[in-house]
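Chain by chain, the residues run as shown.
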Amino acid sequence: MNTENTLLEAVVIGSGFGGAISFCRMAQKWQDKVLLLERGKRYPMGAFPRSPHAMATNFWSPAGDRTRRPKAIREQDLRGLYDVRNFSRMDVVAAAGLGGGSLIYANVFLEPPAEIFNRGWPSGLVREVLHPYYQVARRVLGARPIPSWNHDPRRRIVRTELFREFASSQNRTSTLADLCVFFGNDFEHPTAIGIQEKNHYGVTQTSCTYCGECDVGCNTHSKNSLDLNYLHVAEQVHKAKINTDSQVENIVPLNAFGEEDAKADGTFGYRIHYIQLDRGKRHVDTRRVVVAAGTLGTNELLLRCRDEFGSLPRISEKLGHGFSGNGDFVSFVAEGKKAADPNYGPVITQYIDYNLFQQHDRERAFILQDASYPSFVAWCIEGLRPSLNVLGFVKRMIGKLPTLWNYVVQSCCGGKRTGSLGGLFSHILKGDMSYRSSVLLCMGLDKADGVLELGRNDSLKLVWPQRSSMILYQAILASGKQFRSFVQSHFFFAMPTWLWPFRNNITVHALGGCILADSPATGVVSAHQNDRGQVFGYKGLYIADGSIVPSAIGANPAATISALAEWIAHGITQDPDLPGDDLHRPIRSQTRDLL
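Residues numbered from 1 in each chain as written. Predicted model: local features only at pLDDT ≥ 70, side-chain atom pairs only at ≥ 80, totals over all residues. Heavy atoms only, no water.

**Concerning the side chain of Gln28**
Rules: Where helices and strands are cited, they refer to DSSP runs of H or I of at least four residues and of E of at least two residues respectively, numbered from the N terminus. Identification of polar contacts relies on pairs of N or O atoms within 3.5 Å, with a donor-acceptor requirement for protein atoms, meaning one able to donate a hydrogen and the other able to accept it, and with residues adjacent in sequence counted only if both atoms are side-chain atoms. Contact criterion: two residues are considered in contact whenever any of their non-hydrogen atoms come within 4.5 Å of each other.
Examined against the element boundaries, Gln28 turns out to sit in helix H1 (residues 17-30). At 2.9 Å, the side chain of Gln28 forms a polar contact with the side chain of Arg25. Excluding anything up to four places from it in sequence, Gln28 contacts His238, Asp582, Leu583, Arg585, Pro586 and Ile587.

**So, the sheet that holds strand S19 (residues 450-454)**
Note the following rule: By definition, two strands form a pair when at least two bridges between them are found by DSSP. Helix axes are fitted only over the stretch in contact, all axes being lines through C-alpha atoms; the angle between N-to-C directions runs from 0 to 180 degrees.
Taking strand neighbours across the sheet as the criterion, the four strands line up as S20-S19-S14-S23 in an open arrangement whose pairing is antiparallel. For this open sheet the edge positions go to strand S20 (460-463) and strand S23 (511-513), each flanked by a neighbour on one side alone. For this sheet, the mean angle separating the axes of adjacent strands, direction not counted, is 35°. Pairing of S19 with S20 involves four bridges; the strand directions are antiparallel. Paired with Val451 across the bridge in S20 is Val463. Helix H7 (residues 294-308) contacts strand S14 (321-324), S19, S20 and S23 of the sheet and is inclined by roughly 50° relative to S19.

**Quick look at the pairing of strand S17 (residues 366-369)**
Here is the rule: Think of it in three bands: with a 1.4 Å probe and only protein chains considered, a residue is buried below 20% of the maximum accessible area for its type, exposed above 50%, and partly exposed in between.
Side chains Phe366 and Leu368 of S17 all project onto a buried face; the interleaved residues Ile367 and Gln369 project onto the opposite face, where all are buried too. Inspection of the sheet shows strand S16 (residues 350-354) paired to S17 by four bridges, in the antiparallel sense. Residue Ile352 lies in a different strand from S17, and its bridge partner there is Leu368. Note: S17 against strand S18 (residues 438-444), four bridges, orientation antiparallel. From the neighbouring strand, Gln369 faces S18, where its bridge partner is Leu441.

**A short note on the side chain of Asn107**
If you trace the backbone, Asn107 turns up in the loop between strand S6 (90-95) and helix H4 (127-141). Excluding anything up to four places from it in sequence, Asn107 contacts Asp178, Leu179, Cys180, Val181, Cys214, Lys223, Pro346 and Val347.

**Some remarks on the pairing of S19**
The two faces of a sheet get side chains in turn, since along a regular strand they alternate between them. In terms of residue burial, S19 counts as a mostly covered element, since four of its five residues are buried. Of the strand pairs in this sheet, S14 and S19 are connected by two bridges, and their pairing is antiparallel. When the bridges of S19 are listed, His321 appears paired with Val451. What sits between S19 and S20 in their antiparallel hairpin is a turn of five residues, with Asn457 showing a positive phi close to 60°.

**Examining unusual backbone geometry**
When glycine is set aside, most residues are seen to have a negative phi, and most peptide bonds are trans. You will see that Asn171, though not glycine, has its phi angle at about 60°, which is positive. Relative to the helices and strands, Asn171 is located in the loop between helix H5 (158-169) and strand S7 (174-176). Its identity is not glycine, yet Gln488 carries a phi of approximately 60°, on the positive side. Here Gln488 is to be found in the loop between helix H11 (470-487) and strand S21 (491-495). Judged by its relative accessible area of 46%, Gln488 falls in the partly exposed class.

**With respect to a positive patch on the surface**
Rule in force here: Each patch is built from salt-bridge-free residues with over 30% relative accessible area, joining like charges within 9 Å and nonpolar side chains (Val, Leu, Ile, Met, Phe, Trp, Tyr) within 5 Å. Here the accessible surface of atoms and residues is derived via Shrake-Rupley with a 1.4 Å probe, and residues count as covered only by protein chains that are part of the display. In the sections that follow, a salt bridge refers to a side-chain nitrogen of Lys or Arg positioned within 4 Å of a carboxyl oxygen of Asp or Glu. In summary, the charge assignment counts Lys and Arg as positive and Asp and Glu as negative, without counting His or the chain termini. Taken as the charge location is NZ of Lys, CZ of Arg, CG of Asp or CD of Glu.
Positive charge collects at one region of the surface, where Arg68, Lys71, Arg74 and Arg456 lie side by side. Position of Arg456 among the secondary structure elements: in the loop between S19 and S20. Note on Arg456: relative accessible area 75%, which makes it exposed.

**What to know about helix H12 (residues 558-573)**
Stated formally: Any helix carries an expected span of 1.5 Å times its number of residues minus one.
Taking 1.5 Å of rise per residue, the 16 residues of H12 would be expected to cover 22 Å, and the 22 Å separating its terminal C-alpha atoms lies within 8% of that figure. Counting buried positions along H12 gives 16 out of 16 residues, so the element sits mostly inside the fold. Positioned one or two residues after H12, Gln574 has a phi angle of 55°, which is positive.

**Notes on the nonpolar core**
Applicable threshold: Only buried residues count toward a nonpolar core, which is a set of Ala, Val, Leu, Ile, Met, Phe, Trp, Tyr and Cys residues joined through side-chain atoms within 4.5 Å.
Ranked by size, the top nonpolar core spans 141 residues in total, and within it Tyr230, Ile251 and Ile272 carry the most contacts. Those residues in contact with Tyr230 that lie beyond four places of it in its chain are Ala20, Ile21, Cys24, Arg25, Val136, Ala137, Val140, Leu141, Glu566 and Leu583. If you look at the next biggest cluster of nonpolar residues, it comprises nine residues, including Tyr43, Phe48, Val84 and Leu103.

**Thoughts on the sheet that holds S6**
To summarise the sheet geometry, strands pair through backbone hydrogen bonds and adopt either a parallel or an antiparallel arrangement. Here we have three strands laid out as an open sheet, ordered S5-S6-S22, and mixed in their pairing. Both edges of this open sheet fall to strand S5 (82-87) and strand S22 (505-507), since each of them pairs with a single strand only. Across the sheet, the mean angle separating the axes of adjacent strands is 15° when strand polarity is ignored. Of the pairings in the sheet, the one linking S5 to S6 comprises six bridges and is antiparallel in character. Across the sheet, the residue bridging to Arg85 is Val92, located in S6.

**Describing the pattern of salt bridges**
Tallied over the entire structure, the rule returns 28 salt bridges. Across the pair Asp285 and Arg271 runs a salt bridge whose closest N-O atoms are separated by 2.7 Å. Placement of Asp285 in strand S13 (residues 280-291) and of Arg271 in strand S12 (residues 270-276) is noted, with a sequence separation of 14 residues between them.

So, in structure tokens, the structure goes:
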């Protein structure tokens, strides 16, 4: 493809849920005339880092980047998976790689309640409108609950049972979450753990191994990340083009002569300027652009286009407004009296409803989810344990002295070494901290009143009024303390604590800033049926990612972002039929394509 002279039908920026879905649907219509630009790299099976050295550099911070990141990351030229941003009162974690956030998310596909769409959303865009788009995304992504362990004890997940017991003790409901995890193609008869087979789109996947490594990249391809469905079909079947290691810098409208013209409205297309890392600057011309670089990436790119380069001056003054962390809140409860075994099973398996789905309370609505983490993290915790609790470690080792003395006596006097060595290891390792510890993941309805803007050196800045959502955070804290009492633990640590150095919220579900609206006076992107997803003031310029979500939704947002992306792509392609899970089907026009 000659990116200097060829006028493409569409360019998609970003490969997360919005980008992958947009790319595939447009590839179904325009095949090789569609290009996707992704800043990160590909991660084939087994490619995610695991060694301490590789994990230490598994962050995104390319040379020359102006983004505010932790100093240790910022000072290196890194092309890893995690993009960590530090702002005032809020830290944000995103992903860089082909598949975007699907590479590191916790697999949950959860539709929010109808009440969410009644406040802050455009008129007419209600859950009933999005329902068919939720359903098709659910089918493509293979969302389903964890299989029963009635006939296979290896599938038993102890923490799922623990959280169910806790919910019952609080007179609340624990529901198994639908997960985009591969347990085989037959939902009723799951494939045995660790067995490989091809999915519906021809990609080899492994039936989930319950390793708990979903959030660090699944090396067995057991999670249904976007590179194994939407992206795969678009590239391999419809022959659309994917350029990785490509960071977009600017979007400029073209005039009738094919020249860059900031006064143009996109009628004649756009020129995309990007840097192909290690190869230099490139550009490509296209009739349509779908910006899906993630909430931070999309806001930052469009703010630069409007305010720094002046290439998209028509964008609404509401750009950057309405940012939400989706009420994300994480807490830790350690060394309780009840087994949790957080190193086994998919990262999240269930959710407990706190006035989000039932008895809806807009001020205090959230869900509480369980969480696993990899076994190698548990080993790290055990290694740090002496420094975390010196007195407790000393008491523990004193208790092991008889076993150690017996080992010395048997080794020196009886000539027995290997037999007693096993007993020694057993005594030292039993009672580890992780097995009786729990991670509490909450998300809820924060006020979505943050503002993204360009600060010093034109770097992205977030103004987050943390206190306005304090009623929600206090309700979440109360549930965490109830869980601590339930498991009879003396250790409860919440993030944030609102004290230095843990005063910042942390979100992995950044939303808003380019929100859907009825007019440019209230948002950035149109929710009208005939130009859904199109940026006000421009033709052929669309946004399809978490940045268009007009409010916190309380539930994990992947399902809603996917449904919105399917809805927008359906409008762009003018498909006479509703989209389906047969991604191989070409989309044929019944009428002439319109920009």
